[in-house]
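Close look at the chain arrangement
What follows is each chain in one-letter form.
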Protein chains: 2
Amino acid sequence: MQFSSRFTIAVHILVCTAMFQEREKVTSAFLAGSIGVNPVIVRNVLGQLSAAGLVGIRAGVGGAHLARPAEETTLLDVFRAVEKDEALFHFHENPNPLCPVGRNIHTVMDSRLTDIQSAMERQMAETTLRQLVDETQEKA
Amino acid sequence: MQFSSRFTIAVHILVCTAMFQEREKVTSAFLAGSIGVNPVIVRNVLGQLSAAGLVGIRAGVGGAHLARPAEETTLLDVFRAVEKDEALFHFHENPNPLCPVGRNIHTVMDSRLTDIQSAMERQMAETTLRQLVDETQEKA
DNA sequence: TGTGTTGTAACCGTTTCGATTACAACGACA
DNA sequence: TGTCGTTGTAATCGAAACGGTTACAACACA
């Protein structure tokens, strides 16, 4: 099991936009060149980031820009913008209600599964776009 | 993105085995009946749990049993037994080395991604099979 | 030897993913 | 107003993963 690469692509898009929006017109083709994927992929992810209010896009003329300060966007925001809004875990659907385990397994597990997902999301919220941009600039 | 249902199936298998191993012969058909999936699926997952040392299986005669006390098996053990051993996140593979972002995004993100995965695994390790069995028995 | 079970291989249909082509809609500017 | 570059979106493709299912050899025990 793996998350789709849309998540890291989205992060790449945001870091690039933050670093270049003052100097360049940040188009899907420009981003695709840095990321190394097809421009249509970039446009789709960019659309999700725009719908989530993380970036603004100028239709027609072209170019993306951050819709809010880099310190206010966390990896969790990016994750939620890009991944389908569904539970992380997939439960088998037909446990046998005649079995004491089958009847109760769902209830017993549910709180644990949400705890696990929450732990992951809490850690995602610890990193801001600002930190990623600063660290990238420092290395470059 | 979702984890495959093999994880919850594996947990179901272990709880069932813990509760019934004294009284019944816990075969793949028996488990499949409680879980509501095909016996072959059960045999495959059971094989992974056996390879990880969580259960023992008596080939030929049939029947699974816990290979260690229920308090010593956590959800993390089950997860690792059942999910392929690979990173949780999938990185896009061809970032442009000529771009300061493309060149460094991997390094900048890597530690964050492993932190996120670690947070998830830490939370998984908090729940033991014993807790799940006790809670299921209590409800039944 | 016969029976019940496990371990595997093979195949199927569905879904998801990323890649790609194609084209309408849009905004700016000559 | 007409052209041009860009975005938004639909359609299609091949590959991979999943779960379901059938089939059968290997195994242990009575």
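That block above? That's the structure.
Here we summarise the structure given alongside this text. It should be emphasised that the depicted structure is a prediction, and the values quoted were computed from it without experimental measurement. (Residues numbered from 1 in each chain as written. Chains lettered and ligands numbered in written order. Predicted model: local features only at pLDDT ≥ 70, side-chain atom pairs only at ≥ 80, totals over all residues. Heavy atoms only, no water.)

What about the packing of aromatic side chains?
Residue and element names in this part refer to chain A. The condition is simple: A pair of aromatic rings is counted whenever rings of Phe, Tyr or Trp (Trp by its six-membered ring) have centres within 6.5 Å, and the orientation is called stacked for planes under 30 degrees apart, edge-to-face for over 60 and tilted otherwise. Numbered from the N terminus, helices here are DSSP runs of H or I no shorter than four residues, and strands are runs of E no shorter than two. Categorising residues by exposure relies on relative accessible area from a 1.4 Å probe, with only protein chains included: less than 20% of the type maximum marks a residue as buried, more than 50% marks it as exposed, and the intermediate range marks it as partly exposed.
The final tally for this structure, using the stated rule, is six aromatic pairs over all chains. Between Phe 7 and Phe 79 the ring centres are 5.7 Å apart and the planes differ by 80°, which places this aromatic pair in the edge-to-face class. With a gap of 72 residues between them, Phe 7 in helix H1 (residues 6–20) and Phe 79 in helix H4 (residues 75–82) connect regions that are remote in the sequence. You can call Phe 7 buried: its relative accessible area is 0%.

Quick notes on the interface of chain A and chain B
Here is the rule: By definition, residues are in contact when any of their heavy atoms lie within 4.5 Å. Criterion for a salt bridge: a side-chain nitrogen of Lys or Arg within 4 Å of a carboxyl oxygen of Asp or Glu. Counted as a polar contact is a pair of N or O atoms within 3.5 Å, where, for protein atoms, one must be capable of donating a hydrogen and the other of accepting one, and residues adjacent in sequence contribute only when both atoms are in side chains.
Residue-level contacts link 54 residues of chain A with 54 residues of chain B. Linking chain A with chain B are two salt bridges, by the criterion used here. Run the count over chain A and chain B and you get 12 residue pairs in polar contact (both at pLDDT 80 or more). For the side of chain A that touches chain B, the secondary-structure elements that each account for two or more residues are H1, helix H2 (28–35), helix H5 (100–124) and helix H6 (129–139) of chain A. Of the residues forming the side of chain A that touches chain B, the biggest block, 16 residues, is contributed by H5 of chain A.

Focus on the relation of the copies chain A and chain B
So the rule is basically this: Each copy is superposed on the other by least squares, with the fit set by C-alpha atoms of residues at a pLDDT of at least 70 in both.
Overlaying chain A on chain B yields an RMSD of 0.0 Å, the required transformation being a rotation through 180° with an accompanying axial translation of 0.0 Å. With respect to symmetry, the two chain copies, as superposed, fit the operation of a two-fold axis. Closest approach to the rotation axis within chain A is made by the C-alpha atom of Met 120 of chain A, at a distance of 2.5 Å. Mapped onto chain B, 100% of the interface residues of chain A again fall at the interface, so both copies present the same surface.

Thoughts on H5 of chain A
How we decide: An expected span of 1.5 Å times one less than the residue number is assigned to each helix. Throughout, the bend at a residue refers to the angle made by two axes, fitted to the seven residues ending there and to the seven starting there.
Counted at 1.5 Å a residue, the expected span for H5 of chain A with its 25 residues is 36 Å, and the 37 Å between its end C-alpha atoms agrees. Of all the bends in H5 of chain A, the largest measures some 35° and sits at Asp 110 of chain A.

Comments concerning the packing of helix H2 (residues 28–35) of chain B against helix H3 (residues 39–51) of chain B
Residue and element names in this part refer to chain B. Condition: Between N-to-C directions, angles cover 0 to 180 degrees, with each direction set by a line fitted to C-alpha atoms, over the stretch in contact for helices. Every angle not falling under 35 degrees, over 145, or within 65 to 115 is termed oblique; those three ranges are roughly parallel, roughly antiparallel and roughly perpendicular. It is the rotation of the near helix from the far one that decides the hand of a crossing: anticlockwise by less than a right angle makes it left-handed, clockwise makes it right-handed. Put simply, Ala, Val, Leu, Ile, Met, Phe, Trp, Tyr, Cys and Pro go in the nonpolar bin, Asp, Glu, Lys and Arg in the charged bin, and everything else, Gly too, in the polar bin.
It is the contact of H2 with H3, at a shortest axis distance of 8 Å, that shows an interaxial angle of 110°. The angle between the axes of H2 and H3 places the two elements in the roughly perpendicular class. For the pair H2 and H3, the crossing hand works out as right-handed. In contact with Ser 28, Leu 31, Ala 32 and Ile 35 of H2, H3 contributes Pro 39, Val 42, Arg 43 and Leu 46. Looking at the contact of H2 with H3 residue by residue, the classes come out as six nonpolar, one polar and one charged.

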